[in-house]
Amino acid sequence: MASPVIIRADDYGCDIAANAAILDCIRLGSAVKNVSVLACAPATADRVEELIEFQKRDGAISIGLHYCLNSEWSEIKWGPVSPRDTVATLVEPDGHFTPTPMTLHQRGFSLDEAERELEAQFQRLLQLGIRPDYIDEHMGVAWLPGLRDRVARFAEVQRVIYVPNLTGEQLRVFHPCYRTPTTERFWHEGLTPGAVAIERDQEAHMLSNPSYAEALAAEGRRSVTYRELALLY
């Protein structure tokens, strides 16, 4: 019997090129069954009706909130959904999120503000017509002391799935995104400018090809949604 595996496309909303790539992966490739949406990013609302339509179509995909408290790129930035003055410990002087969770850890932050922003991001998706099936974390942000318990409690109240400790056998995460002049600006110190865009473009083309799903089947694996996985365990 084929073993279930979550094939997840992260960062929907970071750019229109990511949204286009993720939608193509769902439409053409059949392996991507989970899409994590950055509620705080600049292109969150772009083509969201198409994404929701896939979710409604016999539960073909699960859509999740990609809970985010950081903005890692040097040139492309985003900040909180909450009013900035209500989450002051989470942002830089320019109003954007800090580059990494480690930055928050080192300087300190308010757990109450982090939970407030979680609520705001969740509500943003509801306003767009998305009822999230699950919550996951951008850059694993909930490793920050005390935060994972807050996220777990929030997920329980909202009746959404939150399983932060899936193994490598259960989860494969990708970031499909077409290469454009804008996405070539996805870089930060330590990375070669343009390298992220090339890698993500390759992922987009791989996942939009039916041969990837065929390769999974050959491995004895079966792509499932978070909803399906929750029913299995």
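**Details of the packing of helix α4 (residues 111-127) against helix α5 (residues 147-158)**
It is the contact of α4 with α5, at a shortest axis distance of 10 Å, that shows an interaxial angle of 35°. The element α4 and its partner α5 pack so that their crossing is right-handed. Here Leu 111, Asp 112, Ala 114, Glu 115, Leu 118, Glu 119 and Phe 122 of α4 come into contact with α5, specifically with Leu 147, Arg 150, Val 151, Arg 153, Phe 154 and Gln 158. When its residues are assigned to classes, the contact of α4 with α5 shows seven nonpolar, one polar and five charged.

**With respect to the packing of aromatic side chains**
Counted by the stated rule, this structure contains four aromatic pairs. Aromatic side chains Trp 73 and Phe 186 sit 5.4 Å apart centroid to centroid with 10° between the ring planes, which places their arrangement in the stacked category. Of the two residues, Trp 73 sits in the loop between β3 (62-67) and α3 (101-107) while Phe 186 sits in the loop between β5 (171-174) and α6 (195-207), which places them 113 residues apart along the sequence. Neither Trp 73 nor Phe 186 differs from the other in exposure class; each is buried. The interplanar angle of 85° and the centroid separation of 5.9 Å between the aromatic rings of Phe 174 and Tyr 212 together place this pair among those described as edge-to-face. A residue pair is termed long-range when its members are at least 10 positions apart, and Phe 174 in strand β5 and Tyr 212 in helix α7 (residues 210-218) qualify at 38 residues.

**Focus: the side chain of Ser 223**
With respect to the element layout, Ser 223 can be found in strand β6 (residues 221-224). In terms of polar contacts, Ser 223 uses its side chain to reach the backbone carbonyl oxygen of Ala 31, at 2.5 Å. Those residues within four positions of Ser 223 in sequence are excluded, and the remaining contacts are Val 5, Ile 7, Ala 31, Lys 33 and Leu 216.

**So, the environment of Ala 41**
Of note, Ala 41 is situated in the loop between β2 (34-37) and α2 (48-56). Sequence separation between Ala 41 and Arg 131 is 90 residues; the distance between their C-alpha atoms is 18 Å. Ala 41 has contacts with Gly 13, Cys 14 and Trp 78, leaving out every residue within four places of it along the chain.

Rules used in this analysis
For every chain, the first residue of its written sequence is number 1, and the numbers climb from 1 along that sequence. This being a predicted model, a pLDDT of at least 70 is required before a residue's local features are given, and a value of 80 or more before pairs of side-chain atoms are given or counted; all residues contribute to the totals for chains, interfaces and linings. Note that the side-chain values use all heavy atoms of the structure and ignore hydrogens as well as water. Here, axes are lines fitted to C-alpha atoms. For helices the fit covers the stretch in contact, and angles between N-to-C directions go from 0 to 180 degrees. Put simply, DSSP H or I for four residues or longer makes a helix, DSSP E for two residues or longer makes a strand, and each gets a number counted from the N terminus. With the far helix as reference, a near helix turned anticlockwise by less than a right angle produces a left-handed crossing, and one turned clockwise produces a right-handed crossing. Note on contacts: a residue pair is in contact if any heavy atoms of the two residues lie within 4.5 Å. In this count, Pro and Cys sit with the nonpolar residues alongside Ala, Val, Leu, Ile, Met, Phe, Trp and Tyr, while Asp, Glu, Lys and Arg are called charged and the others, Gly among them, polar. Here the aromatic set is Phe, Tyr and Trp, taking the six-membered ring for Trp, and pairing holds for ring centres within 6.5 Å; pairs whose planes are under 30 degrees apart are stacked, those over 60 apart are edge-to-face, and all others are tilted. Partly exposed residues are those whose accessible area sits between 20% and 50% of the maximum for their type, while under 20% is buried and over 50% is exposed, using a 1.4 Å probe and protein chains only. In protein, a polar contact means a hydrogen-donor-capable atom and an acceptor-capable atom, both N or O and within 3.5 Å, with residues adjacent in sequence counting only if both atoms are side-chain atoms; elsewhere, any N or O pair within 3.5 Å suffices.

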